[in-house]
Amino acid sequence: MTDSLADRGAAVRREVLGPRAEQPPTPFAEPFREWVLTAAWGAVWDRPGLDRRTRSCVTLAVLAALRCEDELAMHVEAALRNGVTREEIAEVLLHASVYAGAPAGNAAFAVASSVLDQLP
């Protein structure tokens, strides 16, 4: 079951993250990558309870609150791929800022602005 869950997770990750999903891990990080493919991408992102657009919005809010800037940048692009508009990304980050605090919101807006400015 783990192999099929990891395979499903890898497919979902490619669909959501696009080219970023293909970056190979270092040998040291391979066990972590396998766990993330199985737990996050296979067991959670592939569940039917929420669509990917909604999952992207939740992911943006949590990453903003936790100040995970590298992952936030990756998921801003993924959110666009999943149908979230630029305006909706700003609303999600503004909403998260109310609960996570102004410093977290400020950092999240800076990351999202940088990513969005680089895209067409």
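Everything discussed here concerns the structure shown above.
Rules used in this analysis
- Residues numbered from 1 in each chain as written.
- Predicted model: local features only at pLDDT ≥ 70, side-chain atom pairs only at ≥ 80, totals over all residues.
- Heavy atoms only, no water.
- Bend = angle between axes of the 7 residues up to and from the residue.
- Helix = DSSP H or I, 4+ residues; strand = E, 2+ residues; numbered from the N terminus.
- Buried < 20%, exposed > 50% of the residue type's maximum accessible area, 1.4 Å probe, protein only.
- Salt bridge = Lys/Arg side-chain N within 4 Å of Asp/Glu carboxyl O.
- Patch = residues over 30% accessible without salt bridge, like charges linked within 9 Å, V, L, I, M, F, W, Y side chains within 5 Å.
- Areas by Shrake-Rupley, 256 points an atom, 1.4 Å probe, with all protein chains shown as cover.
- Phe/Tyr/Trp six-rings, centres within 6.5 Å; stacked < 30°, edge-to-face > 60°.
- Axes fitted to C-alpha atoms, helices over the stretch in contact; angles between N-to-C directions.
- Parallel < 35°, antiparallel > 145°, perpendicular 65-115°, else oblique.
- Left-handed = near helix turned anticlockwise from the far one by under 90°.
- Contact = heavy atoms within 4.5 Å.
- Nonpolar A, V, L, I, M, F, W, Y, C, P; charged D, E, K, R; others polar.

**Things to note about helix α2 (residues 30-42)**
No. 1: In α2, a bend of some 30° at Val36 exceeds every other bend along the element.
No. 2: Regarding α2, the residues found buried are Val36, Leu37, Thr38, Trp41 and Gly42.

**A closer look at the pattern of salt bridges**
No. 1: Applying the stated criterion across every chain yields a total of six salt bridges.
No. 2: The partner of Arg67 in a salt bridge is Glu69, and the shortest N-O contact between them spans 3.4 Å.
No. 3: Glu69 sits in the partly exposed class, given a relative accessible area of 28%.

**With respect to a nonpolar patch on the surface**
No. 1: Taken together, Leu50, Val58, Val62 and Leu66 make up a surface patch of nonpolar side chains, about 350 Å² in accessible area.
No. 2: By relative accessible area, Leu50 is classed as partly exposed at 39%.

**Details of the packing of aromatic side chains**
No. 1: Under the criterion given, the structure shown has two aromatic pairs.
No. 2: Seen from their ring centres, Phe32 and Trp35 are 5.9 Å apart, and the 40° between their planes marks the pair as tilted. On the criterion of helical spacing, the pair formed by Phe32 and Trp35 is a turn pair, its members being three residues apart in helix α2.
No. 3: Its relative accessible area of 55% is what places Trp35 among the exposed residues.

**Here's the deal with the packing of helix α3 (residues 52-66) against helix α4 (residues 69-81)**
No. 1: One way to put it is that α3 packs onto α4 with a least axis distance of 10 Å and a crossing angle of 160°. Taken together, the axis directions place α3 and α4 in an arrangement best described as roughly antiparallel. As α3 runs across α4, the sense of the crossing is left-handed. Along the contact surface, α3 presents Ser56, Thr59, Leu60, Leu63 and Ala64, while α4 presents Glu71, Leu72, His75, Val76, Ala78 and Ala79.
No. 2: Of the residues that constitute the contact of α3 with α4, the class distribution is seven nonpolar, three polar and one charged.

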